[in-house]
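Structural overview for review
This is what each chain is made of:
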Amino acid sequence: MSGKFDVKGDFLYTKDHEWAATNAEGMVVGITAYAVDQLGDITLVNMDVKAGDSVEAGKAFGTIESVKTLSDLFSPVSGKIVKVNSELESKPELVNEDCYGKGWMVVIAPSQAGEKDKLMSATAYSDMLKTIDH
């Protein structure tokens, strides 16, 4: 696991501590190292969506449970679910081990151009983290 202030420079971020990275299929979405640090040991990842489902920016697409709490997972953009990381059902610890890699949650094909422009850059997200955690 990386440090809680680990931020990937080429990813986009939300105020809810999700990250989004563009690939050939769409936007890969997961939770940040800061979110993982706040949650602690993750015990369950529950996706309320499957491939082909539509999601709306800012709305929950699943939940993540840890030894500390239960939190919603929010979609950073509107669009269609292309893929769900089904491996997390049996191995939720992948999020703790590699939140920016094997611990990804879903891939979304964005439906609204320009929506990703509302997400934070790595610099803006890092600046936000400095204001909430001293």
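Relevant structure appears above.
Residues numbered from 1 in each chain as written. Predicted model: local features only at pLDDT ≥ 70, side-chain atom pairs only at ≥ 80, totals over all residues. Heavy atoms only, no water.

Remarks on the sheet that holds strand β7 (residues 70-74)
Convention followed: Pairing between strands requires that DSSP locate at least two bridges from one strand to the other. Runs of H or I in DSSP of at least four residues are treated as helices and runs of E of at least two as strands, each being numbered from the N terminus. Axis geometry follows a simple rule: fit a line to the C-alpha atoms, using only the stretch in contact for helices, then measure angles between N-to-C directions, giving values from 0 to 180 degrees.
Read from one edge of the open sheet, three strands run β4-β6-β7, paired in antiparallel fashion. Only two strands of the sheet have a single neighbouring strand rather than two, namely β4 (42-47) and β7. Sheet twist, expressed as the mean angle between neighbouring strand axes with direction ignored, is 25°. Sheet topology note: the strand β6 (residues 60-66)/β7 ladder contains five bridges and is antiparallel. Looking at the pairing, Ala60 lines up with Phe74 of β7.

Quick look at the nonpolar core
Operational definition: To define a nonpolar core, start from buried Ala, Val, Leu, Ile, Met, Phe, Trp, Tyr and Cys residues and group those joined through side-chain atoms within 4.5 Å. For the exposure calls, accessible area comes from a 1.4 Å probe over protein chains only, and a residue counts as buried if that area is under 20% of its type's maximum, exposed if over 50%, partly exposed in between. Whether two residues touch is decided by their heavy atoms; if any such pair falls within 4.5 Å, the residues are in contact.
Counting residues in hydrophobic clusters, the biggest one holds 41 residues, and the most contacted among them are Ile31, Val95 and Met105. Listing elements by their share of this core, those giving two or more residues are β2 (18-23), β3 (26-31), α1 (33-39), β4, β6, α3 (93-97), β9 (106-110) and α4 (122-132). With five residues, α1 is the largest single contributor of residues to this core. The residues touching Val95, leaving out its near neighbours within four places in the chain, are Ile31, Val36, Ile42, Val45, Ile64, Leu88, Gly103 and Met105.

Examining unusual backbone geometry
With a phi close to 70°, His17 is a non-glycine residue in the positive phi region. Considering the arrangement of structural elements, one finds His17 in the loop between β1 (12-13) and β2.

Section: the side chain of Ser75
If you trace the backbone, Ser75 turns up in the loop between β7 and β8 (79-84). Its relative accessible area of 3% is what places Ser75 among the buried residues.

Examining the environment of Leu70
Inspection of the secondary structure puts Leu70 in strand β7. Judged by its relative accessible area of 54%, Leu70 is exposed. In contact with Leu70, other than residues within four places in its own chain, are Thr63, Ile64 and Glu65.

Observations regarding the sheet that holds β2
Strand order in the open sheet formed by six strands is β1-β2-β3-β9-β8-β5, and the pairing between neighbours is antiparallel. Two strands bound the open sheet, and with one partner strand each, they are β1 and β5 (54-55). Of the pairings in the sheet, the one linking β8 to β9 comprises five bridges and is antiparallel in character. Bridge pairing in β9 links Gly79 to Pro110.

Overview of α4
Since the α-helix turns once every 3.6 residues, residues separated by three or four places project in the same direction. What counts, and what does not: By arc we mean the arc of the directions from the helix axis to the C-beta atoms, nothing more.
Those residues of α4 not exposed but buried are Ala122, Tyr125, Met128 and Leu129. The arc that holds every buried residue of α4, seen down its axis, measures 120°, which confines them to one face. Every exposed residue of α4 that faces more than 90 degrees away from the buried side is listed here: Thr123, Lys130 and Thr131. The inward-facing, buried residues of α4 abut β1 and α1.

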